[in-house]
Amino acid sequence: MVSRRQFLAGLGAASVAVGLPAGALAARSRDNRLVVIILRGGMDGLDMVAPVGDSQLLTLRPRLARTPNEAAGYLPLTDFFGLHPAMERVAPMIKQGELGFVHAVATPYRSRSHFDGQDALENGTGNPVSSRGGWLNRMVTVLAPDSETFAANVGRTTLPILSGPTRVAGWSPDSHLAISESGTDRLRRLYAGDPLFEKALEGALKAQQIMGDENERNPANGASLARMTARFLKPADGARIAAFSLGGWDTHGQQTTALRRPMWGLAEALTVLRDELGDAWRHTVVLAMTEFGRTAAENGTLGTDHGTGSVLIYAGGAVNGGRVLGRWPGLTPDRLYKERDLMPTDDTRRLAAWVLKARFGLSESALSRDIFPGLALGADPKLV
Amino acid sequence: MIDKYDIAAIRFGYGHRPGQSTPRDGRGLLDDLEAAPQIPKALTGLRSAERVARFHAFNQERAAQTSVAERRKVGQRLHGDLYSHYHEDTHKRLMVAVTSPHGFFERLVAFWSNHFTVSASRLQAAALVGPFEVEAIRPHILGRFRDMLSAVVRHPAMLIYLDQTSSIGPNSELAHSRPDLGLNENLAREILELHTLGVNGGYTQTDVTQFARLLTGFSVEPVAVEGFLFQHDRAEPGEKHLLGKVYGGGIGQEKEVQQALDDLAAHPSTARFIANKLARHFVADHPPRDLIKALETVFLENGGDLPSLYRVLVEHRESWNLFGRKVKTPFDFVVSGLRAVGARAKQLAPQPGDPKKDMQMNRNVMRSRPNKLAVGSLTVLNQPIKKAPGPDGWPDEAESWIHPQGISGRLEWALAVARKFPQADPVEFLRNTLGSFTNERIMRVIEGAESREEAVALVLASPEFNRR
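How each quantity is defined
Within each chain, residue numbers correspond to sequence positions counted from 1 in written order. Whichever chain is written first becomes A and whichever ligand is written first becomes 1, with later ones labelled in order. Totals for whole chains, interfaces and linings use every residue, but because this is a predicted model, local features are given only for residues with pLDDT of at least 70 and side-chain atom pairs only at 80 or more, for both listing and counting. Side-chain measures were taken over the full set of non-hydrogen atoms in the model, leaving aside hydrogen atoms and water. Secondary structure follows DSSP: runs of H or I at least 4 residues long count as helices, runs of E at least 2 residues long count as strands, and numbering of each begins at the N terminus. Partly exposed describes any residue whose relative accessible area lies between the buried limit of under 20% and the exposed limit of over 50%, with all areas from a 1.4 Å probe on protein chains only and scaled to the type maximum. Residue contacts are defined here by distance: any two heavy atoms, one from each residue, within 4.5 Å place the two residues in contact. The Shrake-Rupley method, run with a 1.4 Å probe sphere, supplies the accessible areas, and residue values consider only the shown protein chains as cover. A positive count includes Lys and Arg, and a negative count includes Asp and Glu. His and the chain ends are not counted in either. A charged residue contributes its charge at one atom only: NZ of Lys, CZ of Arg, CG of Asp or CD of Glu. Here, a strand pair is defined by DSSP locating no fewer than two bridges between the strands. Basic side-chain nitrogens of Lys or Arg form a salt bridge, by our definition, when they fall within 4 Å of a carboxyl oxygen of Asp or Glu. Any pair of N or O atoms that falls within 3.5 Å is considered a polar contact. Within protein, one atom must be able to donate a hydrogen and the other to accept it, and sequence-neighbouring residues count only if both atoms are side-chain atoms. Residues belong to one nonpolar core when they are buried, are Ala, Val, Leu, Ile, Met, Phe, Trp, Tyr or Cys, and are joined through side-chain atoms within 4.5 Å. What a helix should span is 1.5 Å times the count of its residues minus one. Cavity and pocket criteria rest on a 1 Å grid covering protein atoms alone: a 1.4 Å probe that fits but cannot get out defines a cavity, protein on both sides within 12 Å along at least 5 of 7 lines defines an open pocket, and an atom within 4 Å of a point defines a lining residue. Grid points are joined across faces, edges and corners, and a volume is the space filled by probe spheres set on the points. Any residue that is not Ala, Val, Leu, Ile, Met, Phe, Trp, Tyr, Cys, Pro, Asp, Glu, Lys or Arg is counted as polar, Gly included; the first ten are nonpolar and the last four charged. All axes here are fitted lines through C-alpha atoms, helices being fitted over the stretch that makes contact, and every angle between N-to-C directions spans 0 to 180 degrees. Angle categories: roughly parallel below 35 degrees, roughly antiparallel above 145, roughly perpendicular from 65 to 115, and oblique for all the rest. By definition, turning the near helix anticlockwise from the far helix through less than a right angle yields a left-handed crossing, and turning it clockwise yields a right-handed one.

Engineer: Would you take a moment to explain the overall build of chain B for this structure?
Structural biologist: When you go through chain B residue by residue, the secondary structure sums to 24 helices and 6 strands. Looking at chain B as a whole, 60% of its 468 residues qualify as buried. Once local pairs closer than 6 in sequence are excluded, the contacts in chain B between residues at least 24 apart make up 71%. Put simply, chain B shows about 18,100 Å² of open surface, and 51% of that area lies on carbon and sulfur atoms. Charge-centre separation for chain B: the mean point of 59 positive side chains lies 5 Å from the mean point of 55 negative side chains.

Take a look at the structure:
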């Protein structure tokens with residue numbers, strides 16, 4: 001693994017004076033929070049935000065599109081798109097302009113393996129084989145290399161998006177450290193000389209301080225993760241970036257029932273974030289993204305297989321929501337990717353990059369060279 | 001001076017257990033593989049055919065009910081039965097590892113089971129994950145990769161887990177009467193990506209689809225002896241082209257699938273993939289190139305003969321030099337911790353269930369509940385036994401397990417175990433557990449502990465104990 005010194009040296013001189021000078025950064029962005037939610041399994045964007053106005057939809061999905069949620073049909077969203085009924089809980093947020101979607105997006109990765117696709121999404125290069133860690137960690141390295149609490153990894157496992165040379169805080173809704181003061185001291189001596197263990201212990205001690213002694217019954221569900229995320233981000237001296245993941249999106253069969261729980265979980269997570277962040281919500285941007293979408297046509301088991309283009313969800317008090325952005329490619333065979341998947345017309349990373357630029361004052365060169373290597377920034381998609 | 005005896009036990013087994021002697025060195029490890037019982041007595045009752053039949057019977061019973069309430073009641077008993085089997089099986093499996101002197105054999109079983117992951121995260125597979133390991137993995141540990149692959153692909157657990165049971169050939173006989181069914185690519189993709197060639201092994205999306213067409217006859221039947229049955233009316237007829245070769249041509253037959261499995265097992269990408277995984281699992285997160293190369297070569301030269309592979313692994317210089325480069329997964333950690341304190345099966349018995357209460361509370365009717373220090377602890381440590389979140393199984397890398405959440409989990413468990421299994425002399429416990437890996441630093445910390453319990457917990461929480 002690359003040491004922090006080597007890593008910073010590799011970034012180049014220009015990025016040391018990245019974006020705004022420290023003073024301006026403190027004044028403008030100190031309140032701004034970012035939450036990234038990784039939706040694992042390949043979320044079916046065509047079902048979450050269905051192109052009901054596209055004449056091809058029912059041809060491709062005669063059963064799924066007619067009754068996406070057992071008995072219920074899509075909810076009205078725009079003239080062209082419908083919203084999956086299981087996302088109903090966020091309808092008010094959409095109405096208030098605090099939640100929107102960008103359709104037909106993907107990373108440059110095209111091979112449809114979950115594990116590689118997630119790596120490509122989280123390492124920010126679009127290429128799964130990259131030893132540079134996660135893009136969110138690179139962002140932290142640029143913005144706050146000496147703080148170990150600027151970013152928080154929420155949940156039982158370390159997300160690749162936050163792995164890298166810069167230390168981040170981490171905790172899970174069901175973690176707690178039950179040891180005395182002097183016991184802590186002995187633990188520190190026990191771990192001295194083993195950086196991996198030392199790092200983990202220090203992180204546990206810090207998180208324990210912030211979180212106290214809560215014990216959640218269902219640590220993997222959206223609401224618990226969102227609640228803990230809010231606790232990390234809300235305080236004036238708290239973290240400013242957090243990430244967690246939600247699974248269950250890999251719906252190869254019986255999609256009309258299989259997609260419900262993950263959608264409810266996501267809708268609840270977004271609602272809990274808003275409720276628990278309170279005043280901080282108006283400074284917050286949430287991005288929920290997936291490694292790839294699913295096949296345009298339904299398969300033989302009332303499900304869908306791995307695809308390409310999908311939907312990115314953006315939310316927060318700081319966003320221009322209430323819309324479905326993106327350039328719709330169409331669903332006729334000649335418009336599909338490999339005659340099979342929704343064709344992506346934008347790069348997921350580009351959307352994240354512009355949010356980082358607007359909210360954290362990162363320069364174009366830092367974004368296109370260090371955080372998302374090789375990315376062409378293009379024009380502002382105006383999510384915020 | 002580091003003693004090979006300790007490396008053999010810790011790196012290639014599940015660590016020391018008081019009163020139990022284990023192989024002394026590489027030669028000893030290989031000899032012990034031959035001596036190990038392939039199917040320990042405790043696991044002989046795990047049979048998939050019975051479970052498949054039971055599941056089928058429950059479903060019939062449920063379908064025969066006339067009211068929603070009655071159907072739900074049967075459902076609670078069905079789900080309870082599935083999960084009860086899951087808990088009972090996994091408890092037995094854990095205890096085998098805790099008590100067996102044949103650590104290397106058991107580690108290999110765990111390795112191959114993870115490679116060919118079947119997960120109870122899919123409800124219908126929950127009662128089959130235990131029998132799967134007994135029927136498809138254990139008998140082939142000392143056999144050929146190709147035979148393990150075939151046993152795995154034919155096993156009801158795998159066919160159910162990866163949706164093969166709902167896949168039929170688009171041009172099969174059955175397709176005419178069941179237009180609602182069609183081709184499912186899940187199993188085909190995972191065999192290529194996770195079991196044989198690996199994600200960069202040189203296959204394309206077309207290969208995945210073609211392989212899926214090949215597999216269409218594979219299904220599960222409650223009336224079949226093993227649960228597996230090749231169903232001709234579901235099989236896709238015609239030629240299939242996989243990786244530049246042609247299979248089949250007339251009506252679909254199992255023979256053509258077996259030919260494809262032969263070729264996949266013999267493919268150079270498979271040799272490379274398996275060599276990498278084995279080296280990464282046992283030796284280091286970034287294994288030495290020459291070890292990988294040696295494993296790859298012997299895999300190809302000996303037609304996937306597994307004992308030859310193990311011999312190269314165990315005889316390689318680096319396997320004995322790089323101690324500590326691997327971190328124990330929660331399963332390794334819990335098993336080796338329970339071994340270190342000499343835990344016996346009786347002391348870790350699952351709690352009996354309360355069927356009446358379950359029915360009252362509208363919950364699944366469980367025969368038993370997992371023991372918090374054994375199977376139950378693995379859920380807290382985020383490696384619920386045989387319930388990996390995806391078919392790629394559990395990661396091997398240190399960073400996946402040692403982080404604030406992971407450390408606090410292990411420490412909490414260590415304290416609980418120290419209380420339940422008190423040790424009269426923590427320093428002696430330290431020496432017996434770590435052997436020649438005992439050092440001054442850890443000795444000083446243990447001697448300064450507030451209580452015997454804390455001392456024992458610190459041994460179990462130490463980097464020395466958590467690495468192998």
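Engineer: Just to check I follow, could you spell out the overall build of chain A for this structure?
Structural biologist: Each helix and strand counted, chain A has 14 helices and 12 strands in total. Per-residue burial over chain A gives 61% buried out of 384 residues. Long-range pairs, those at least 24 residues apart, make up 74% of the contacts in chain A with a sequence separation of at least 6. Surface accessibility of chain A: about 14,300 Å² in total, with carbon and sulfur atoms responsible for 50%.

Engineer: Teacher, can you tell me more about the pairing of strand β6 (residues 151-154) of chain A here?
Structural biologist: Note on strand geometry: in a regular strand, side chains alternate between the two faces of the sheet. All names here are of chain A. The two faces of β6 match: Ala-151 and Asn-153 on one face and Ala-152 and Val-154 on the other face are all buried. Sheet topology places β6 next to strand β8 (residues 241-246); 3 bridges connect them, and they run parallel. Looking at the pairing, Ala-152 lines up with Ala-242 of β8. Examined bridge by bridge, β6 and strand β7 (residues 169-171) share 3 bridges and lie parallel to one another. The residue of β7 that forms the bridge with Asn-153 is Gly-170.

Engineer: How should I be thinking about the interface of chain B and chain A in this particular structure?
Structural biologist: Interface size, as often reported, equals the accessible area lost upon joining of the parts. Across the boundary between the two partners, chain B contributes 43 residues, which contact 42 residues of chain A. Summed over the shared surface of chain B and chain A, the number is 4 salt bridges. At the boundary of chain B and chain A, one finds 15 residue pairs in polar contact (both at pLDDT 80 or more). Counting residues per element, the ones that place at least two in the side of chain B that touches chain A are α10 (186-195), α19 (375-380), α20 (404-420), α22 (440-447), α23 (452-461) and α24 (463-466) of chain B. Element by element, the count of residues in the side of chain B that touches chain A is highest for α20 of chain B, at 7 residues.

Engineer: What exactly am I supposed to notice about the sheet that holds strand β4 (residues 82-83) of chain A here?
Structural biologist: Backbone hydrogen bonds hold the strands of a sheet together, and the pairing may be parallel or antiparallel. Residues and elements named next belong to chain A. In space, the 3 strands of this open sheet follow the order β2-β4-β3, with antiparallel pairing throughout. Of all the strands in the sheet, just β2 (49-50) and β3 (75-76) have a single pairing partner and so form its edges. In the sheet, β3 pairs with β4 via 2 bridges, with the strands oriented antiparallel. The residue bridging Pro-76 from the neighbouring strand is Gly-82, located in β4.

Engineer: Quick question: what am I supposed to make of the environment of Glu-298 of chain A here?
Structural biologist: Locating Glu-298 of chain A in the fold gives a position in the loop between β9 (284-290) and β10 (310-315). Distance from Glu-298 of chain A to Arg-63 of chain A, taken between C-alpha atoms, is 8.0 Å for residues 235 residues apart in sequence.

Engineer: Can you help me understand the side chain of Glu-133 of chain B in this one?
Structural biologist: Residue and element names in this part refer to chain B. Within the secondary structure layout, Glu-133 lies in helix α6 (residues 129-137). Given the relative accessible area of 2%, Glu-133 is considered buried. Only 2.7 Å separates the side chain of Glu-133 from the side chain of Ser-113, close enough to count as a polar contact. Residues contacting Glu-133, with those up to four places away along its chain left out, are Arg-93, Val-109, Ser-113, Arg-138 and Lys-386.

Engineer: Can you help me understand the nonpolar core in this one?
Structural biologist: A general trend in soluble globular proteins is that nonpolar side chains are found buried together. Within the largest apolar cluster, 192 residues are counted, with the highest numbers of intra-cluster contacts made by Leu-266 and Ile-313 of chain A together with Trp-112 and Phe-211 of chain B. Not counting the four nearest positions on each side in its chain, Leu-266 of chain A is found in contact with Ile-37, Leu-39, Met-48, Met-87, Leu-246, Trp-249, Ala-288 and Ile-313 of chain A. Core analysis: the next-biggest nonpolar cluster, separate from the first, contains 43 residues, Trp-135, Phe-150, Ile-371 and Leu-377 of chain A among them.

Engineer: Help me understand helix α12 (residues 254-266) of chain B, please; the structure alone is not making it clear to me.
Structural biologist: One full turn of an α-helix is made of 3.6 residues, so residues set three or four places apart face in the same direction. Between its first and last C-alpha atoms α12 of chain B spans 19 Å; for 13 residues at 1.5 Å apiece the expected length is 18 Å, and the two agree. Within the span of α12 of chain B, buried status applies to Glu-254, Glu-256, Val-257, Gln-258, Ala-260, Leu-261, Leu-264 and Ala-265 of chain B.

Engineer: How should the layout of surface pockets be read in this particular structure?
Structural biologist: If a probe as big as a water molecule is rolled over the atoms, it shows which places are left empty. Roughly 380 Å³ of volume is contained in the second largest pocket. The class makeup of the residues in the lining of the second largest pocket is 6 nonpolar, 6 polar and 7 charged.

Engineer: For this particular structure, what's the right way to read the pattern of salt bridges?
Structural biologist: Where charged atoms from two side chains of opposite charge approach closely, those side chains can pair. Tallied over the full model, the rule gives 52 salt bridges over all chains. Residues Asp-275 of chain A and Arg-274 of chain A are paired through a salt bridge, measuring 3.4 Å at the closest nitrogen-oxygen approach. In this structure, Asp-347 of chain A and Arg-349 of chain A form a salt bridge, with 2.9 Å as the shortest nitrogen-oxygen distance. In this structure, a network of salt bridges that share partners links the residues Arg-93, Glu-106, Glu-133, Arg-138 and Lys-386 of chain B.

Engineer: So what exactly am I meant to see when it comes to the packing of helix α5 (residues 103-115) of chain B against helix α13 (residues 268-282) of chain B here?
Structural biologist: The geometry of a pair of packed helices is captured by two quantities: the angle between their axes and the separation between those axes. Residues and elements named next belong to chain B. Viewed as axis vectors pointing N to C, α5 and α13 meet at an angle of 130 degrees, and their least axial separation amounts to 12 Å. On the basis of their axis angle, the class for α5 and α13 is oblique. Considering the relative orientation of α5 and α13, their crossing is right-handed. The residues of α13 that touch α5, namely those facing Phe-104, Arg-107, Leu-108, Phe-111, Trp-112 and His-115, are Phe-273, Ile-274, Lys-277, Leu-278, His-281 and Phe-282. Partitioning the contact of α5 with α13 into residue classes produces 8 nonpolar, 2 polar and 2 charged.

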